[in-house]
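Here is how the chains run, residue by residue.
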Amino acid sequence: MKTHRIASRSRQRGLSFFGLIFVGLIAVAAFAIGGQSVPIFLEYSAAKKAIEKAKVETTVPGVRAAFDRAAAIDDITSIKGSDLEVTKRGDKVIVSFKYSREIPLAGPAYLVYRLEAQTN
């Protein structure tokens, strides 16, 4: 009778209570970090589109003003027109930016995103 119980226990599959708690904690942490990361990437995407629109201007103040207008519409708060690097290669205007955003995790730990983009 004992061997039958041991054999049936070895065939059992599933997740233990501690395994379920561990998987739950990992899922909650991923959801919390993901929920804070999505707006950062949406803002980055909007900033990339804004510099693409702004590069059609021919002067540096014009590019920065065009970016500021697009930033006001798309709610871009991490960078301003004054933070843009505007250069010229031949007759093309090249607009680029770099910035970083932090997400506090626990205590002194932060998740840091370093974002940069450049027009062609």
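Overview of the structure. (Residues numbered from 1 in each chain as written. Predicted model: local features only at pLDDT ≥ 70, side-chain atom pairs only at ≥ 80, totals over all residues. Heavy atoms only, no water.)

## Examining the overall build of the protein
Working step 1: Broken down by element type, the protein carries three helices and three strands.
Working step 2: Moving toward the C terminus, one meets the helices and strands of the protein in the order α-α-α-β-β-β.
Working step 3: Against the compact-globule benchmark of 14 Å for 120 residues, the protein has a radius of gyration of 25 Å, which places it well outside the compact range.
Working step 4: By its C-alpha atoms, the protein is 90 × 30 × 25 Å across when sized along the principal axes.
Working step 5: Evaluated residue by residue, the protein yields a buried proportion of 27% over its 120 residues.
Working step 6: Excluding contacts between residues fewer than 6 apart, the proportion of contacts in the protein whose partners are at least 24 apart in sequence is 47%.
Working step 7: When the accessible surface of the protein is split by element, carbon and sulfur atoms take 59% of a total near 9000 Å². (Helix = DSSP H or I, 4+ residues; strand = E, 2+ residues; numbered from the N terminus. Rg over C-alpha atoms; globule rule 2.2 N^0.38 Å. Buried < 20%, exposed > 50% of the residue type's maximum accessible area, 1.4 Å probe, protein only. Contact = heavy atoms within 4.5 Å. Areas by Shrake-Rupley, 256 points an atom, 1.4 Å probe, with all protein chains shown as cover.)

## Examining helix 2 (residues 17-54)
Working step 1: Along its 38 residues, helix 2 runs 55 Å from first to last C-alpha, staying within 8% of the 56 Å computed at 1.5 Å per residue.
Working step 2: Residues G19, S37, I40, E43, Y44, A46, A47, A50, I51 and A54 constitute the buried set of helix 2.
Working step 3: Buried-residue contacts for helix 2 involve helix 3 (60-74), strand 2 (92-106) and strand 3 (109-118). (Expected span 1.5 Å × (residues − 1).)

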